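Okay, here's what each chain looks like letter by letter:
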Amino acid sequence: MEENKEKTIKVYIMGKEHQVPEGLTIMKAIEYAGYKLVRGAGCRAGFCGACATVYRKANEYKLRVALACQTLAEDGMYLTEIPFVPANKAKYELEKIKPSPNIILQYYPEVARCVACNTCTKSCPQDLKVMDYIQAMKRGDIARAAELSFDCVQCGLCAARCPAEIVHYHAAQLARRLYGKYLAKPSPNLEKRIKEIEEGKYDEEIKRLKSMGLEEMKKRYMEQQKNAEKEEA
Amino acid sequence: MELKEDEIAKREEFTRRVEELSGQNIFACYQCGRCSAGCPMVSKMDAIPSMIMRLLQFGDMRVLEKNTCWVCASCYTCDVRCPKGIDIAKVMEALRQIKLRTNINNIDIGKIEGIEELPQIALIANFRKNTG
Amino acid sequence: MDIPYFPGCSLKSNTRYFEDSAREFFAELGINLVELPEWNCCGTVYSLTTDDIMRHIASVRNLVHAQELGKKLGTNKLMTLCAMCYNTLAQVNALARSRPDDLKTANEFIDDLPDYEAQVEVVHALSFLNENVSFEKVAKLAKRKLNGLRVAPYYGCLLVRPEHVKIDDREKPALMPKLFGLLGATVVDFPYSVECCGSYHTVNMKDVVVEKTRTIIGSARENGADAIVLSCPLCEFNLDERQKDVRMKYPGFERMPVFYFTELLALAMGKKINMGAHYVSPENVLKKYGLV
């Protein structure tokens, strides 16, 4: 009988050597080695930012960063996960503040310390232009900061490596909130829908859904799925 | 006043470090006082610029306890007026950096009064000089 | 004519009127200020220790952007309006030219942009007008005279110091006096034209700035000026907005409006200026000289 031997590679997890099958992501490799990820795993799809990882490739000096669930483990990799970055979040009341050019510096004055070294951009596993959005904040361009930071998953790696101690993603969150509340064009459809809700257009339906049992709901859901598939075909 | 050998070594090391960071020859100063005469911030300093230069010639680390380098506004007036070509502004920066590089900032950036009215240019410049 | 232009953070947010008036003025000369397609804050102040390369990176990045844009436009000049931006970029540029090892380190560190070749020339708008346009030509193109407006040019520190980047004489600067004299203003000479305004001390040592503002404005008034003209957003904040703090401490203090030099140039070209952007309103003074 032919033995189908799986090829294995060597990885070092927090300094300890492990043999894991080739072709696993870093996250799967860590779990294969016997670790249980309590804090460092979330959506497993590159969206939640829980699995920020710092690693080094064999025979290199550079410390690289990535999301564990999105990166393949390589032979000779030295790695560790950063499950949480204890960054400070400023307290503000969105209703009470105005999108003035200086507003982000008021709540995150450390943004003024940015020296444009670009370490944050190099640390971003989502390839975002982090330094560019920090510079936009310095300039008072809230809209641009919101736009450039939109795909941020708040993994914290930028803040962990910044020499100016900036908390990029919290400051970006403030920029996006200000943008959404004060600067983005209001959607006429949204306003219409909110009015409909306030006028009670959907009250009956919601009441019915709430009082429906689980079986009935399952039946209706499957019916809806079948109809949708029929329509597509 | 007689100094012990290890005290002399410490002082010489301090002056050497200031010279290295500033790139200036501290011993070129012949105490003419022009830097102090032109300094726009001198009235708020507890040791005037020419006194700081003299103390540095003796490696006297008490210069780090004076407020001089923090009241300095980096205006370069001392630099352009020194007849010996010493850039005293660079010496002041060296003193600031010696302090800041021990991880002690001169201001707490989280506790700035009236930050709402301050333009970014003021905050950025201030943090560059007062934080490490 | 196209020229690469570095605005700096202030001119894009709270001192937009500095840039707006500049654009209006330069348009009359057929000069287009082409903003760098990408840029970052220059750092505002030049880091003075011999070993600090990191704090020059921000300026080197901007010089690379200027270099690349300059290649497309056929020039090596980079124009600035803000005195702090001018001084910081010019000093970093001088360092890049005189210390090739430091430049090499900076270039290797900035791995997402082409290398800086140290060929860009950083120019302040006043030098550019003097050397590349001539003040006489500006006066010829002017649509109106400044009607003897009594104005005191305030240079502050960073346009005249240190020696290797100054754009004018450091004790008795002559560019602004000549330019505004030709445009029909009455230029007032006063002893504090190159005196530091207190700069960044406005953040945590406000009283220093209050005293300086009182002295500078007071001396200008004593010598007969009705307005100050300058080129730096930080000086402008200290000399304009901080007049409020001066009046709180010295109730008899008489206010004086503060102009960016490009505002007076735009006025001379028959354009209107943004009165509301000033803290001390220039309306009365401009009315007095029939300039409104």
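Because the structure is a prediction, the values reported are computed rather than measured. (Residues numbered from 1 in each chain as written. Chains lettered and ligands numbered in written order. Predicted model: local features only at pLDDT ≥ 70, side-chain atom pairs only at ≥ 80, totals over all residues.)

## Section: the overall build of chain A
Inference 1: For chain A, the helix and strand inventory stands at ten helices and five strands.
Inference 2: In terms of C-alpha radius of gyration, chain A reaches 24 Å, well past the compact-globule figure of 17 Å for 233 residues.
Inference 3: A buried classification covers 31% of the 233 residues belonging to chain A.
Inference 4: Within chain A, counting contacts between residues at least 6 apart in sequence, those at least 24 apart form 58% of the total. (Helix = DSSP H or I, 4+ residues; strand = E, 2+ residues; numbered from the N terminus. Rg over C-alpha atoms; globule rule 2.2 N^0.38 Å. Buried ≥ 20, exposed ≤ 12 C-beta atoms within 10 Å, placed from the backbone. Contact = placed C-beta atoms within 7 Å.)

## A short note on the overall build of chain B
Inference 1: For chain B, the helix and strand inventory stands at seven helices and zero strands.
Inference 2: Traced from its N-terminal end to its C-terminal end, chain B shows the element sequence α-α-α-α-α-α-α.
Inference 3: Its C-alpha atoms give chain B a radius of gyration of 16 Å, near enough to 14 Å, the size a compact globule of 132 residues would have.
Inference 4: Referenced to the eigenvectors of the C-alpha coordinate spread, the extents of chain B come out at roughly 55 × 30 × 25 Å.

## As for the sheet that holds strand β5 (residues 150–153) of chain C
Residue and element names in this part refer to chain C.
Inference 1: Strand order across the open sheet formed by four strands is β6-β5-β7-β8, with parallel pairing between neighbours. A strand with exactly one partner marks an edge of an open sheet, and here the two such strands are β6 (186–187) and β8 (258–260).
Inference 2: Here three bridges tie β5 to strand β7 (residues 227–230), and the two strands are oriented parallel to one another. Note that in β7 the partner of A152 across the bridge is I228.
Inference 3: Against the sheet, helix α12 (residues 261–268) touches β7 and β8, its axis set at about 75 degrees to β8. (Pairing = 2+ DSSP bridges. Axes fitted to C-alpha atoms, helices over the stretch in contact; angles between N-to-C directions.)

## Some thoughts on helix α7 (residues 168–183) of chain A
Inference 1: Residues H168(A), Y169(A), A171(A), A172(A), L174(A), A175(A) and L178(A) constitute the buried set of α7(A).
Inference 2: Buried positions along α7(A) lie against α2 (103–107), α3 (119–123), α4 (130–139), α5 (142–148) and α6 (157–161) of chain A.

## A few points about the domain arrangement of chain B
Inference 1: According to the domain assignment, chain B contains domain 1 (5–101) and domain 2 (107–132).
Inference 2: Here the C-alpha centroids of domain 1 of chain B and domain 2 of chain B sit 24 Å apart. (Domains from an automatic or database assignment.)

## Considerations on the sheet that holds strand β1 (residues 2–6) of chain C
Residue and element names in this part refer to chain C.
Inference 1: Spatially, β2-β1-β3-β4 is the arrangement adopted by the four strands of the open sheet, whose pairing is parallel. Looking at the sheet topology across the chains shown, the edges are occupied by β2 (32–35) and β4 (121–124). Averaged over all neighbouring strand pairs, the angle between strand axes comes to 45 degrees, with direction disregarded.
Inference 2: Strand direction decides the pairing type here: β1 and strand β3 (residues 77–80), joined by two bridges, are parallel. Among the inter-strand pairings, Y5 is bridged to a residue of β3, identified as M79.
Inference 3: Strand contacts of helix α3 (residues 54–73): β1, β2 and β3, with the helix running at about 170 degrees to β1, the strand carrying the most contacts.
Inference 4: Strand contacts of helix α6 (residues 125–133): β3 and β4, with the helix running at about 95 degrees to β4, the strand carrying the most contacts.

## Section: the interface of chain A and chain C
Inference 1: Taken together, the contacts link ten residues of chain A with 13 residues of chain C.
Inference 2: Of the residues contributing to the side of chain A that touches chain C, the split by class is four nonpolar, three polar and three charged. (Nonpolar A, V, L, I, M, F, W, Y, C, P; charged D, E, K, R; others polar.)

## Examining unusual backbone geometry
Inference 1: Going from R161(C) to P162(C), the amide bond is cis rather than trans, its omega being -15 degrees.
Inference 2: As for its placement among the helices and strands, P162(C) is situated in the loop between β5 and α8 (175–182).
Inference 3: Backbone geometry at S74(B) places phi at a positive 55 degrees, although glycine is not the residue there.
Inference 4: Within the fold, S74(B) resides in the loop between α4 (68–71) and α5 (77–81).
Inference 5: Judged by local crowding, S74(B) falls into the buried class, with 25 C-beta atoms found within 10 Å.

## Remarks on the nonpolar core
A general feature of soluble globular proteins is that nonpolar side chains tend to end up buried together.
Inference 1: By size, the foremost hydrophobic cluster in this structure holds 197 residues, and its most contacted members are I228(C) and V229(C).
Inference 2: Residue contacts for V229(C): discarding those within four places in its chain leaves V151(C), P153(C), Y154(C), M176(C), F180(C), F259(C), F261(C) and L264(C). (Core = buried A, V, L, I, M, F, W, Y, C linked by C-beta atoms within 7 Å.)

## Examining the interface of chain C and chain B
Reports often express the size of an interface as the amount of accessible area lost when the parts come together.
Inference 1: Each partner contributes residues to the interface: chain C has 30 residues there, and chain B has 30 residues.
Inference 2: Of all elements in the fold, only α1 (9–12) and α10 (233–241) of chain C reach the threshold of two or more residues within the side of chain C that touches chain B.
Inference 3: The greatest single-element share of the side of chain C that touches chain B, amounting to three residues, is contributed by α10(C).
Inference 4: In the side of chain C that touches chain B, the residues fall into 14 nonpolar, eleven polar and five charged.

## Regarding the domain arrangement of chain A
Inference 1: By the assigned domains, chain A splits into domain 1 (8–81), domain 2 (103–183) and domain 3 (188–226).
Inference 2: Distance from the C-alpha centre of domain 1 of chain A to the C-alpha centre of domain 3 of chain A: 43 Å.

## Let's talk about the environment of E171(C)
Residue and element names in this part refer to chain C.
Inference 1: Along the chain, the position of E171 falls in the loop between β5 and α8.
Inference 2: Residue classification places E171 among the exposed residues on the basis of 9 C-beta atoms within 10 Å.
Inference 3: Expressed as a C-alpha distance, the spacing of E171 and V194, which sit 23 residues apart in the sequence, is 7.0 Å.

## Some remarks on the environment of T80(C)
Residues and elements named next belong to chain C.
Inference 1: By the element assignment, T80 lies in strand β3.
Inference 2: For T80, a count of 26 C-beta atoms within 10 Å gives the class buried.
Inference 3: With 76 residues separating them along the chain, T80 and P4 place their C-alpha atoms 8.9 Å apart.
Inference 4: For T80, the residues in contact, after removing those within four places along its chain, are F6, C85, Y86, L89, V122 and H124.

## Some thoughts on helix α6 (residues 88–100) of chain B
An α-helix turns once every 3.6 residues. As a result, residues three or four positions apart point the same way.
Residues and elements named next belong to chain B.
Inference 1: Over its 13 residues, α6 runs 18 Å from end to end, which matches the ideal 18 Å to within 8%, given 1.5 Å per residue.
Inference 2: Of all 13 residues in α6, ten are buried; the element is thus mostly enclosed.
Inference 3: Looking at α6, one finds that the buried residues are I88, A89, K90, V91, M92, E93, A94, L95, R96 and Q97.
Inference 4: Where the residues of α6 are buried, they touch α1 (5–22), α2 (34–38), α3 (49–57), α4, α5 and α7 (120–130). (Expected span 1.5 Å × (residues − 1).)

## Notes on the environment of T105(C)
All names here are of chain C.
Inference 1: Note that T105 resides in helix α5 (residues 100–109).
Inference 2: The class of T105 is partly exposed, set by 15 C-beta atoms lying within 10 Å.
Inference 3: Measuring from C-alpha to C-alpha, the distance between T105 and D20 comes to 37 Å, with 85 residues separating the pair along the chain.

## Some words on the pairing of strand β5 (residues 77–81) of chain A
Residue and element names in this part refer to chain A.
Inference 1: Burial of β5 is one-sided: the residues M77, L79 and E81 facing one way are buried, the residues Y78 and T80 facing the other way are not.
Inference 2: The pairing of strand β1 (residues 8–13) with β5 spans three bridges and is parallel. Across the sheet, residue Y12 finds its bridge partner in β5, namely Y78.
Inference 3: Strand direction decides the pairing type here: strand β3 (residues 52–56) and β5, joined by four bridges, are antiparallel. Within β5, the residue paired with Y55 across the bridge is L79.

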